[in-house]
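An overview of the molecular structure
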Amino acid sequence: YQSLSVPFAKLQAEAVLREQRPTAWWIAYDHLWLRVAAHWTGDPSLRSAFDNGRIPYEAIAGLLGCTQEEAQALLMWQVYGRDATLLGQSFPQAVESLPDNLPAWGLRLDKSLPAYCAGISTMQQAYWQNRKMQTLYGRILRPGRPHGEASAFAIFGTVEDITANAAVTFWRNRTSPDIVINLIK
């Protein structure tokens, strides 16, 4: 809490209180949520795409026989326990990109990305058995939430932890108080 949450709150307050100026450079974590999902699930298809420098959505779209937008939406749908309503609460644009006939696409996901689907199911099962879900940095989701929300919390919560940690590190290591760090979500 002291090493990350308090500095992160200070960083956010500073960004709000200072006038916004154009930034000179950007830092991006391309496909970070998919990298986290590959870590949690151990999926060889995602890992291969990252290891070979391929665009992961392009690789997955090729496996599934769909567009890159549909591939991204289907991967997110899987993370949210194949619950389009739950997915829509966090990512409404992803629901719009989902293809028709989701049960058939669910079977295609199971056949094309078995490790990914099994990894997400294992996360949901662990939530049920342990009565909690944790991010990589240890934030906890207590019981009583849908299983799809638990696996999404582990993956997207870890992404939030990583970006908050990076922002605090940049903020602490800046060379001048005139340097403002803005987070874009």
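Residues numbered from 1 in each chain as written. Predicted model: local features only at pLDDT ≥ 70, side-chain atom pairs only at ≥ 80, totals over all residues. Heavy atoms only, no water.

Next up on the list: the overall build of the protein. Helices and strands together make up the secondary structure of the protein, namely ten helices and two strands. Secondary structure elements in the protein, listed N-terminal to C-terminal, are α-α-α-α-α-α-α-α-α-β-β-α. Across the 185 residues that make up the protein, the buried fraction comes to 38%. Considering only intrachain contacts with a sequence separation of at least 6, the fraction spanning at least 24 residues in the protein is 60%. Accessible surface, the protein as shown: approximately 10,700 Å² in total, 53% of it carbon and sulfur. (Helix = DSSP H or I, 4+ residues; strand = E, 2+ residues; numbered from the N terminus. Buried < 20%, exposed > 50% of the residue type's maximum accessible area, 1.4 Å probe, protein only. Contact = heavy atoms within 4.5 Å. Areas by Shrake-Rupley, 256 points an atom, 1.4 Å probe, with all protein chains shown as cover.)

Turning to helix α4 (residues 56–64), a few remarks are in order. Considered for burial, the residues of α4 that qualify are Pro56, Tyr57, Ala59, Ile60, Ala61 and Leu64. One or two steps after α4, the chain reaches Gly65, where phi turns positive at roughly 75°.

Before going further, it helps to spend a moment on the packing of aromatic side chains. Taken as a whole and judged by the stated rule, the model has four aromatic pairs. Measuring from centroid to centroid gives 5.0 Å for Phe91 and Phe156, while their planes differ by 45°, and the two rings are tilted. Of this pair, Phe91 sits in the loop between α6 (84–90) and α7 (92–97) while Phe156 sits in helix α10 (residues 147–172); the two residues are 65 residues apart in sequence, bridging distant segments of the chain. Looking at Phe156, the relative accessible area reads 12%, which means it is buried. Linked through ring pairs, Trp33, Tyr80, Phe91 and Phe156 together constitute an aromatic cluster. When the ring centre of Trp128 is taken as origin, the NZ or CZ atom of Arg131, which lies over that ring, is 4.6 Å away. (Phe/Tyr/Trp six-rings, centres within 6.5 Å; stacked < 30°, edge-to-face > 60°. Lys NZ or Arg CZ within 6 Å of the ring centre and 35° of its normal.)

By size, the foremost hydrophobic cluster in this structure holds 42 residues, and its most contacted members are Trp33, Leu74, Leu75, Val79, Tyr116, Met133 and Ile155. For this core, the secondary structure elements donating two or more residues are α2 (32–41), α3 (44–51), α4, α5 (68–79), α6, α8 (102–112), α9 (114–130) and α10. Apart from residues lying up to four places away in sequence, Trp33 is in contact with Tyr57, Gln72, Leu75, Met76, Val79, Tyr116, Ile155, Phe156 and Val159. (Core = buried A, V, L, I, M, F, W, Y, C linked by side-chain atoms within 4.5 Å.)

Position of Leu113 relative to the elements: it lies in the loop between α8 and α9. C-alpha separation for the pair Leu113 and Asp43, spaced 70 residues apart in sequence, amounts to 7.4 Å. In this structure, Leu113 is in contact with Asp43, Ser45, Ile60, Leu63, Leu75 and Arg108, ignoring residues within four places of it in sequence.

Phi at Arg82 is positive, roughly 55°, even though this residue is not glycine. Along the chain, Arg82 falls in the loop between α5 and α6. In the Ramachandran plot, Arg131 falls in the positive-phi region, its phi being about 65° despite a non-glycine side chain. By the secondary structure assignment, Arg131 is in the loop between α9 and β1 (133–134).

Right, let's talk about the packing of α2 against α9 for a bit. At a closest axis distance of 8 Å, the pairing of α2 and α9 adopts a crossing angle of 75°. Relative to α9, the element α2 is oriented roughly perpendicular. Mapping the contact onto sequence places Trp33, Ala37, Trp40 and Thr41 in α2 and Ala115, Tyr116, Gly119, Ile120 and Met123 in α9. Among the residues making up the contact of α2 with α9, the classes are represented as seven nonpolar, two polar and no charged. (Axes fitted to C-alpha atoms, helices over the stretch in contact; angles between N-to-C directions. Parallel < 35°, antiparallel > 145°, perpendicular 65-115°, else oblique. Nonpolar A, V, L, I, M, F, W, Y, C, P; charged D, E, K, R; others polar.)

Before going further, it helps to spend a moment on the pattern of salt bridges. One pass over the structure, following the stated rule, counts four salt bridges. The partner of Arg145 in a salt bridge is Glu149, and the shortest N-O contact between them spans 2.8 Å. With a relative accessible area of 19%, Glu149 lands in the buried category. (Salt bridge = Lys/Arg side-chain N within 4 Å of Asp/Glu carboxyl O.)

Closest axis-to-axis distance for the α5/α9 pair is 9 Å, and the angle between their directions is 30°. The orientation of α5 with respect to α9, classified from their angle, is roughly parallel. Judged by residue contacts, Leu75, Gln78 and Val79 of α5 engage Tyr116, Cys117, Ile120 and Gln124 from α9. Considered class by class, the residues forming the contact of α5 with α9 number five nonpolar, two polar and no charged.

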